[in-house]
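What follows is the residue order along each chain.
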Amino acid sequence: MSILNTLRSEFSRQPTKHAFKQEWIHTLKNSMPLYARLPPALKETLHQKITHFVGTTSFEGRDGLELSDEIILSVSAQACLLVLNHEDAPYPDLHTVVLFPTAFSSTIEAIEDDGILHETTVQCEGESWEDGTVLLAWDSVNGGASNLSDGENVTLHEFAHQLDALDGDTDGVPILSCVDAFHTWATVLGEHCCDFLEKVMQGEVTVLDPYAATSPGEFFAVATETFFEKPHQLKAKRPSLYAELQGFYKLDPAAWFEGYIDSPENV
Ligand SMILES: [Zn+2]
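Residues numbered from 1 in each chain as written. Predicted model: local features only at pLDDT ≥ 70, side-chain atom pairs only at ≥ 80, totals over all residues. Heavy atoms only, no water.

## A short note on the domain arrangement of the protein
(1) Moving on: Domain parsing of the protein yields domain 1 (1–147) and domain 2 (171–267).
(2) Moving on: A straight line from the C-alpha centre of domain 1 to that of domain 2 covers 22 Å.
(3) Moving on: In this complex, domain 1 contributes 12 residues to the contact, which on the side of domain 2 involves 11 residues.
(4) Moving on: When domain 1 packs against domain 2, close to 1,000 Å² is buried across both sides, 63% of that on carbon and sulfur atoms. (Domains from an automatic or database assignment. Contact = heavy atoms within 4.5 Å. Buried area = accessible area lost by both parts, 1.4 Å probe.)

Below you can see the structure in the form of structure tokens.
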């Protein structure tokens with residue numbers, strides 16, 4: 001039985017208790033190096049979240065992509081990494097994940113300098129729609145999972161957009177615990193965003209990918225990728241931004257990478 005059928009029947013029968021198969025753990029260990037670095041308690045939580053995620057999400061393969069257990073596990077594990085310590089259902093508004101073998105075409109509408117709405121076709125590795133759909137290119141999903149520390153992970157990026165959109169707007173401000181938390185978030189992320197834009201304009205290389213300069217929503221999604229994949233670098237360069245993300249995700253990825261960044265090639 002595939003992971004889809006197994007976990008769906010497990011989840012419908014016993015949503016809070018299930019057996020996560022050893023073969024799935026083996027697949028995660030092989031395809032996602034970050035999994036091995038998680039503390040045992042978080043690994044167990046991840047298994048629970050994956051069960052919920054797979055049990056409540058539709059997966060569609062497009063352009064001939066056959067959905068394997070490895071594909072379902074990789075997407076689900078990376079998506080659930082973001083919500084390991086969130087108590088609610090992993091992604092309450094999400095209903096469908098659409099997977100393509102590789103980058104897919106997407107039409108973007110934008111009003112240009114002539115004041116006219118133009119349509120442009122671009123190649124995308126991922127998209128997050130506010131209606132609860134996420135589109136992903138499998139080769140990028142797999143590449144993001146297998147490279148632990150390059151700061152690029154399309155799955156983390158698109159699912160950060162899903163969390164951001166839970167309040168109705170993909171604007172870089174997710175749902176926070178209280179009014180004070182919103183004030184602090186706006187102040188801290190606003191300051192980092194301005195400083196980052198200045199550095200990008202001056203052509204400086206920063207710990208955040210320049211794509212973060214696109215909009216506040218993209219700043220949050222790119223900062224999320226960096227938080228999970230370059231936590232020590234982000235903590236050193238932008239400690240207050242790291243602290244805000246640590247507070248939102250209720251996770252401290254820098255602790256998972258202890259000893260890892262000492263290798264010269266990872267600094
Ligand atoms: Zn984005």
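## Observations concerning a negative patch on the surface
(1) Moving on: Among the surface-exposed residues, Glu130, Asp131, Asp167, Asp169 and Asp171 lie close enough to one another that they form a single negatively charged patch.
(2) Moving on: For Asp167, the location among the structural elements is in the loop between α7 (154–164) and α8 (179–201).
(3) Moving on: For Asp167, a relative accessible area of 36% corresponds to the partly exposed category. (Patch = residues over 30% accessible without salt bridge, like charges linked within 9 Å, V, L, I, M, F, W, Y side chains within 5 Å. Areas by Shrake-Rupley, 256 points an atom, 1.4 Å probe, with all protein chains shown as cover. Salt bridge = Lys/Arg side-chain N within 4 Å of Asp/Glu carboxyl O. Lys, Arg positive; Asp, Glu negative; His and termini not counted. Charge placed at Lys NZ, Arg CZ, Asp CG, Glu CD. Helix = DSSP H or I, 4+ residues; strand = E, 2+ residues; numbered from the N terminus. Buried < 20%, exposed > 50% of the residue type's maximum accessible area, 1.4 Å probe, protein only.)

## As for the pairing of strand β2 (residues 96–100)
(1) Moving on: Of all five residues in β2, five are buried, a share of seventy percent or more.
(2) Moving on: Neither face of β2 is exposed, since Thr96, Val98 and Phe100 on one face and Val97 and Leu99 on the opposite face are all buried.
(3) Moving on: In this fold, the crossover linking strand β1 (residues 58–61) to β2 by way of helix α5 (residues 69–81) has left-handed handedness.
(4) Moving on: Relative to strand β6 (residues 133–137), β2 runs parallel, the two being bridged by five bridges. Residue pairing across strands places Val97 opposite Val134, the latter belonging to β6. (Right-handed = clockwise from strand over helix to strand, strands pointing away. Pairing = 2+ DSSP bridges.)

## A few points about the coordination of the zinc ion
(1) Moving on: With distances of 2.1 to 2.6 Å, the protein atoms coordinating the zinc ion are His157 (NE2), His161 (NE2), Glu218 (OE) and Glu218 (OE).
(2) Moving on: Its four donor atoms give the zinc ion angles of 55 to 143 degrees at the centre, a pattern that matches the irregular case.
(3) Moving on: Sequence spacing among the residues donating to the zinc ion works out to H-x3-H-x56-E. Here His157 and its partner His161 are both found in helix α7, four residues apart, which amounts to about one turn of the helix.
(4) Moving on: In this structure His157 comes out as buried when scored by relative accessible area, which is 7%. (Donors = N, O, S within 2.8 Å, 3.2 Å for Na, K, Ca; no water. Tetrahedral: all angles 85-135°; square planar, octahedral: opposite > 155°, others 65-115°.)

## Overview of empty space enclosed by the protein
(1) Moving on: Under the defined criterion, the tally for this structure stands at two cavities of 30 Å³ or more.
(2) Moving on: Taken as a whole, the largest cavity encloses approximately 70 Å³ of empty space.
(3) Moving on: Met32, Leu34, Gln78, Leu81, Gly144, Ala145, Asn147, Leu148, Asn153, Leu156 and Glu229 are the residues that line the largest cavity.
(4) Moving on: Looking at the lining of the largest cavity, the elements that each hand over two or more residues are α5 and α6 (138–146).
(5) Moving on: Looking at side-chain class alone, the lining of the largest cavity contains six nonpolar, four polar and one charged residues.
(6) Moving on: Its boundaries defined by the atoms lining it, the second largest cavity holds a volume of some 40 Å³.
(7) Moving on: Taken together, Asp93, Trp129, Glu130, Gly132, Gln162, Ala165 and Leu166 form the lining of the second largest cavity.
(8) Moving on: Here the residues of the lining of the second largest cavity are counted per class, giving three nonpolar, two polar and two charged. (1 Å grid on protein atoms, 1.4 Å probe; cavity = no way out; pocket = protein on both sides within 12 Å on 5 of 7 lines; lining within 4 Å. Points joined across faces, edges and corners; volume = space filled by probe spheres on them. Nonpolar A, V, L, I, M, F, W, Y, C, P; charged D, E, K, R; others polar.)

## Looking at the environment of Asn142
(1) Moving on: Along the chain, Asn142 falls in helix α6.
(2) Moving on: For the pair Asn142 and Asn153, spaced 11 residues apart in sequence, the C-alpha separation works out to 9.1 Å.

## Re the environment of Asp69
(1) Moving on: By the secondary structure assignment, Asp69 is in helix α5.
(2) Moving on: With a relative accessible area of 24%, Asp69 lands in the partly exposed category.
(3) Moving on: Distance from Asp69 to Glu44, taken between C-alpha atoms, is 19 Å for residues 25 residues apart in sequence.

## Quick notes on helix α2 (residues 22–31)
(1) Moving on: Those residues of α2 that fall on the buried side of the exposure criterion are Trp24, Ile25, Leu28 and Ser31. Relative to the axis of α2, the buried residues are bounded by an arc of 145 degrees and lie together on one face. The outward face of α2, more than 90 degrees from its buried face, is lined by the exposed residues Gln22 and Asn30. (Arc of directions from axis to C-beta.)

## Quick word on helix α11 (residues 239–249)
(1) Moving on: Along α11, the positions that sit buried rather than exposed are Leu241, Tyr242, Glu244, Leu245, Phe248 and Tyr249. Looking down the long axis of α11, one finds its buried residues gathered within 160 degrees of arc, a one-sided arrangement.
(2) Moving on: Packing partners of the buried residues in α11 comprise α7, α8, α9 (216–229), α10 (231–237) and α12 (253–256).

## A short note on the sheet that holds β2
(1) Moving on: Ordered in space as β1-β2-β6-β5, the four strands form an open sheet in which the pairing is mixed. With partners counted over all chains shown, the strands left at the sheet margins are β1 and β5 (126–129), one partner each. Each neighbouring strand pair of the sheet contributes to a mean axis angle of 15 degrees, computed without reference to strand direction.
(2) Moving on: Each of β2 and β6 is contacted by α6, which is oriented at about 80 degrees to β6, the strand it contacts most.
(3) Moving on: Against the sheet, α7 engages β2, β5 and β6, with an angle of about 170 degrees to β6. (Axes fitted to C-alpha atoms, helices over the stretch in contact; angles between N-to-C directions.)

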